[in-house]
Amino acid sequence: MRRVYLAGFDVFLPDAVAQGERLKALAAAHGFEGLYPLDNVPPPGLAGAPLAQWIYRANVAMIRRADLVMANLNPFRGAEPDSGTAFEVGYAIACGKPVWGYTAQAGSLLEQTAVGVAADDATRAVDAQGFMVEDFGMNLNLMLACSAHIVVGNAADCLARMAQG
């Protein structure tokens, strides 16, 4: 059975452990063994920076053990995916692991975030902060969209596509 690391901001949900169990059950239903970051249990007494370092090391070790990665790339705390999840995607790619991502955002970044045009160049779309919005017709930043298989939908949709190959 192939092992899939289940990356995403789901670990911040109020019911994060239960969400991990749901994701692992979905993975199993599609023929995968799910590896969820909260399966890692830190030693007692760790806090602050030592705990953060332990979590980092445990998660990258889990990614190395996985055969592939599935990442929740829905917007988190803004218009972009969770930065920790984006790191995990990049790390997995660097390790040669296939990465699949899912998002409910079907529209391009331009459709999702552009609110106007640049004052000095009416051909450049900008976001609410005045930053240029890339226009490649992709629903995620090109570094994610070009490195991973992106599925518009939810975790179940993504796992179904992963199972197909």
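The model shown is predicted, which means the values in this text are computed figures rather than measured ones. (Residues numbered from 1 in each chain as written. Predicted model: local features only at pLDDT ≥ 70, side-chain atom pairs only at ≥ 80, totals over all residues. Heavy atoms only, no water.)

## Structural notes on the packing of aromatic side chains
Counting across every chain of the model gives four aromatic pairs. Here the aromatic rings of Phe 87 and Tyr 91 are separated by 6.0 Å at their centres, their planes lie at 25°, and the arrangement is stacked. Of the two residues, Phe 87 and Tyr 91 are both situated in helix α3 (residues 83-94); the distance of four residues between them amounts to about one turn of the helix. The structure contains a cluster of three or more aromatic residues connected by ring pairs, namely Phe 9, Phe 12 and Phe 76. (Phe/Tyr/Trp six-rings, centres within 6.5 Å; stacked < 30°, edge-to-face > 60°. Helix = DSSP H or I, 4+ residues; strand = E, 2+ residues; numbered from the N terminus.)

## Concerning the packing of helix α2 (residues 48-65) against α3
In the contact formed by α2 and α3, the axes pass within 10 Å of each other and the chain directions differ by 45°. Judged by the angle between their axes, α2 and α3 are oblique. The handedness of the crossing between α2 and α3 is right-handed. Residues Tyr 56, Asn 59, Val 60, Ile 63 and Arg 64 of α2 lie in contact with α3, whose contacting residues are Phe 87, Glu 88, Tyr 91 and Ala 92. Grouping the amino acids of the contact of α2 with α3 by side-chain chemistry returns six nonpolar, one polar and two charged. (Axes fitted to C-alpha atoms, helices over the stretch in contact; angles between N-to-C directions. Parallel < 35°, antiparallel > 145°, perpendicular 65-115°, else oblique. Left-handed = near helix turned anticlockwise from the far one by under 90°. Contact = heavy atoms within 4.5 Å. Nonpolar A, V, L, I, M, F, W, Y, C, P; charged D, E, K, R; others polar.)

## A look at the nonpolar core
By size, the foremost hydrophobic cluster in this structure holds 17 residues, and its most contacted members are Tyr 5, Ile 63, Val 69, Leu 73, Val 89 and Val 99. For this core, the elements supplying multiple residues, two or more each, are β1 (2-7), α2, β3 (68-72) and α3. The next biggest cluster of nonpolar side chains, apart from the first, holds 16 residues, and it includes Tyr 36, Met 70, Trp 100 and Ala 155. (Core = buried A, V, L, I, M, F, W, Y, C linked by side-chain atoms within 4.5 Å. Buried < 20%, exposed > 50% of the residue type's maximum accessible area, 1.4 Å probe, protein only.)

## Quick look at the pairing of β3
Burial analysis of β3 places five of its five residues in the buried class, the great majority of the element. Judged by which residues are buried, β3 turns out to be covered on both faces: Leu 68, Met 70 and Asn 72 on one side and Val 69 and Ala 71 on the other are all buried. In this region the chain leaves β3, passes through α3 and returns to the parallel neighbour strand β4 (residues 99-103); the handedness of that crossover is right-handed. (Right-handed = clockwise from strand over helix to strand, strands pointing away.)

## Comments concerning the packing of helix α1 (residues 16-29) against helix α6 (residues 155-164)
Each pair of packed helices gets described by two things: the angle between the helix axes and the distance between those axes. Put simply, α1 and α6 touch, their axes get as near as 9 Å, and they point 30° apart. Between α1 and α6, the crossing angle belongs to the class labelled roughly parallel. Crossing hand, α1 versus α6: right-handed. Contacts between α1 and α6 pair Leu 23, Leu 26 and Ala 27 from the former with Ala 155, Ala 156 and Leu 159 from the latter. Here the contact of α1 with α6 is built from residues that sort into six nonpolar, no polar and no charged.

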